[in-house]
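Read off the chains here:
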Amino acid sequence: MIDNPGYLENIYEFRIQNQKYRFAVRIPENKTDRPVLLIAIATDWKTVFTNPVYNAIPNIFLSAGYNVASFDLPNHGELVDEYGEGIQGWANAISSGIDIFEKIRNVGSKIIDIALKENLAWKETVVMTGVSRGGFAAMHIMAYDRRVYAAAVFAPVTGLCALKEFRNHEKNEIVLLANAENLVSKLADRFLFISIGEKDPRIDERKCFEFYAKLFAASKLIKPELFVLQGQTHGESVSTHAGYIACAGFLFNKISFRINEKIRPG
């Protein structure tokens, strides 16, 4: 894995509907002249930045001189509430009528608002990455906020009812509307990269492949990209590092398009 490069860390606070949120931004000591912003999502921001399972892509971007932000998902980190922690907390909250994914989208867009105001994204260039539930969150934010230029997700949740925590939620309207297939029209013709193992019993790889096929068919100008790893994601039989490198490479490639687009004369 990439060693953690030098950085300065800033914490920003904001409120949405009287709920306090925070997000962290790491600014590399050796910043490039064109520091785009990566928003990385997994569980909570401290885990994203410190856990080697999740911090490969953030560290690669910091090493390249780019800014990296992250935040706590609902029911994770500082946002654990009476509904519980993690995905089970999501399921409990949704059972009480709380739309977790609307919260995620609102938080993501607010973070982009602040990042652009603080000049954290060169030429307003924001890219995203996410792992598992974080990948699902990234796709939701990208779908509802056109300012997200590109996203690369690793072993993303695409159908909530594939998760054991949601097995009894097949008829829940919030769950049905949140599933990735309902994001297809908003993600069509966008820069999206998916990496997943050929098997993944936790999130059901078939759901992911079906989502990819629908998105591919709906995209006329820009096709999504899929990188399938040998072995099982959400397990120990796959090279997660290879998947992360592929995700980072995709984002760097799209960033190069953006830079050329913005500096081209005329």
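This text goes with the structure placed above it.
Here the residue numbers are simple positions, counted from 1 along each chain's written sequence. Totals for whole chains, interfaces and linings use every residue, but because this is a predicted model, local features are given only for residues with pLDDT of at least 70 and side-chain atom pairs only at 80 or more, for both listing and counting. Note that the side-chain values use all heavy atoms of the structure and ignore hydrogens as well as water.

1. Details of the overall build of the protein
No. 1: Numbered from the N terminus, helices here are DSSP runs of H or I no shorter than four residues, and strands are runs of E no shorter than two. Along the backbone of the protein there are nine helices and eight strands.
No. 2: Expected size for 266 residues packed as a compact globule is a radius of gyration near 18 Å; at 17 Å, the protein falls within 12% of this value.
No. 3: Overall, the protein is about 55 × 40 × 35 Å in size when its C-alpha atoms are taken along their principal axes.
No. 4: For the protein, buried positions account for 56% of its 266 residues.
No. 5: Relative to all contacts within the protein whose residues are 6 or more apart in sequence, the contacts with residues 24 or more apart total 69%.
No. 6: Accessible area for the protein stands at about 11,900 Å²; split by element, carbon and sulfur atoms hold 46% of it.
No. 7: Averaging the locations of the 31 positively and 30 negatively charged side chains of the protein gives two centres separated by 5 Å. Here the radius of gyration uses the C-alpha set of atoms, whereas the globule reference equals 2.2 Å times the residue count to the power 0.38. Burial classes follow relative accessibility: with a 1.4 Å probe on protein chains only, a residue under 20% of its type's maximum area counts as buried, one over 50% as exposed, and anything between as partly exposed. We call two residues in contact whenever any of their non-hydrogen atoms come within 4.5 Å of each other. Computed with a 1.4 Å probe, the accessible areas rest on the Shrake-Rupley method; for each residue, only the protein chains presented here act as cover. As used throughout, the charge tally considers Lys and Arg to be positive and Asp and Glu to be negative, leaving His and the chain termini uncounted. Charged groups are reduced to one reference atom each: NZ for lysine, CZ for arginine, CG for aspartic acid, CD for glutamic acid.

2. Quick word on the state of the cysteines
No. 1: By convention in this document, the label disulfide applies to cysteine sulfur atom pairs within 2.5 Å. For the structure on display, the rule yields zero disulfides.
No. 2: The thiol sulfur of cysteine 161 is not disulfide-bonded, and the nearest other cysteine sulfur, from cysteine 208, lies at 16 Å.
No. 3: By relative accessible area, cysteine 161 is classed as partly exposed at 22%.

3. As for the environment of asparagine 30
No. 1: Here asparagine 30 lies in the loop between strand E2 (19-28) and strand E3 (37-41).
No. 2: Accessibility expressed as a relative area gives 67% for asparagine 30, which makes it exposed.
No. 3: Taking the C-alpha atoms as reference points, asparagine 30 and glycine 108, 78 residues apart in sequence, are found 26 Å from one another.

4. Some points on the packing of helix H2 (residues 56-63) against helix H9 (residues 240-263)
No. 1: In this analysis, axes come from line fits to C-alpha atoms, helices being fitted only over the stretch in contact, and the angle between any two N-to-C directions falls in the range 0 to 180 degrees. H9 packs onto H2 with a crossing angle of 40° between their chain directions and a minimal axis gap of 9 Å. It follows from the interaxial angle that H2 and H9 lie oblique. In this structure, H2 crosses over H9, and the sense of that crossing is right-handed. For the pair formed by H2 and H9, the contact residues are Ala56, Ile57, Ile60 and Phe61 on the first element and Tyr244, Ile245, Cys247, Ala248, Leu251, Phe252 and Ile255 on the second.
No. 2: Throughout this entry, Asp, Glu, Lys and Arg are counted as charged residues, while Ala, Val, Leu, Ile, Met, Phe, Trp, Tyr, Cys and Pro are counted as nonpolar. The remaining residues, Gly among them, count as polar. Split by residue class, the contact of H2 with H9 holds eleven nonpolar, no polar and no charged. Orientation is classified from the angle alone, with under 35 degrees giving roughly parallel, over 145 giving roughly antiparallel, 65 to 115 giving roughly perpendicular, and any other angle giving oblique. Here is the rule for handedness: rotate from the far helix to the near one, and if that takes an anticlockwise turn smaller than a right angle the crossing is left-handed, while a clockwise turn gives right-handed.

5. What about empty space enclosed by the protein?
No. 1: A cavity, in this analysis, means grid points on a 1 Å lattice covering only the protein atoms where a 1.4 Å probe fits yet has no way out; a pocket is instead an open set bounded by protein on both sides within 12 Å along at least five of seven lines, and a residue lines either one if it has an atom within 4 Å of a point. Grid points are joined across faces, edges and corners, and a volume is the space filled by probe spheres set on the points. This model, assessed by the stated rule, comprises one cavity of 30 Å³ or more.
No. 2: Lining the largest cavity, in full, are Ala40, Ile41, Ala42, Val48, Tyr54, Ile57, Pro58, Thr129, Gly130, Val131 and Tyr244.
No. 3: Taken together, the elements giving at least two residues each to the lining of the largest cavity come down to E3, H2 and strand E5 (126-131).

6. Section: the pattern of salt bridges
No. 1: A pairing counts as a salt bridge when a side-chain nitrogen of Lys or Arg comes within 4 Å of a carboxyl oxygen of Asp or Glu. Overall, the coordinates contain eleven salt bridges when judged by the stated rule.
No. 2: Salt-bridge contacts for lysine 214 lead to glutamate 181; the nearest nitrogen and oxygen are separated by 3.0 Å. Note that lysine 214 is positioned in helix H8 (residues 205-218) and glutamate 181 in the loop between helix H6 (173-178) and helix H7 (184-187), a separation of 33 residues in sequence.
No. 3: Lysine 214 sits in the partly exposed class, given a relative accessible area of 43%.

7. Brief notes about helix H5 (residues 133-144)
No. 1: Expected span of a helix: the number of residues minus one, times 1.5 Å. Here H5 contains twelve residues, and its C-alpha end-to-end distance of 17 Å stays within 8% of the 16 Å for a straight helix at 1.5 Å per residue.
No. 2: When you tally the buried positions in H5, you get eleven out of twelve residues, the bulk of the element.
No. 3: Restricting attention to buried positions, one finds in H5 the residues Arg133, Gly134, Gly135, Phe136, Ala137, Ala138, Met139, His140, Ile141, Met142 and Ala143.

8. Observations regarding the environment of phenylalanine 252
No. 1: Positionally, phenylalanine 252 belongs in helix H9.
No. 2: For the pair phenylalanine 252 and phenylalanine 61, spaced 191 residues apart in the sequence, the C-alpha separation amounts to 8.9 Å.
No. 3: If near-sequence neighbours (up to four positions away) are discounted, phenylalanine 252 is found in contact with Ile60, Phe61, Ala64 and Tyr66.

9. A word on the packing of aromatic side chains
The relation between two aromatic rings is expressed through the spacing of the ring centres and the mutual angle of the planes.
No. 1: Aromatic pairing here means that ring centres of Phe, Tyr or Trp (its six-membered ring) are within 6.5 Å. Orientation follows from the plane angle: under 30 degrees is stacked, over 60 is edge-to-face, and everything else is tilted. Taken as a whole, this structure holds 15 aromatic pairs when the rule is applied.
No. 2: For the pair tyrosine 149 and phenylalanine 191, a centre-to-centre distance of 5.4 Å together with 70° between the ring planes defines the contact as edge-to-face. Here tyrosine 149, found in strand E6 (residues 148-154), pairs with phenylalanine 191, found in strand E7 (residues 191-199); they are 42 residues apart in sequence, far enough to count as distant. Accessibility assignment for this pair places tyrosine 149 and phenylalanine 191 in one class, buried.
No. 3: When the centroid spacing of 5.9 Å and the interplanar angle of 50° are considered together, the rings of tyrosine 212 and phenylalanine 216 count as tilted. Of this pair, tyrosine 212 and phenylalanine 216 both sit in helix H8, four residues apart, which is roughly one turn of that helix.

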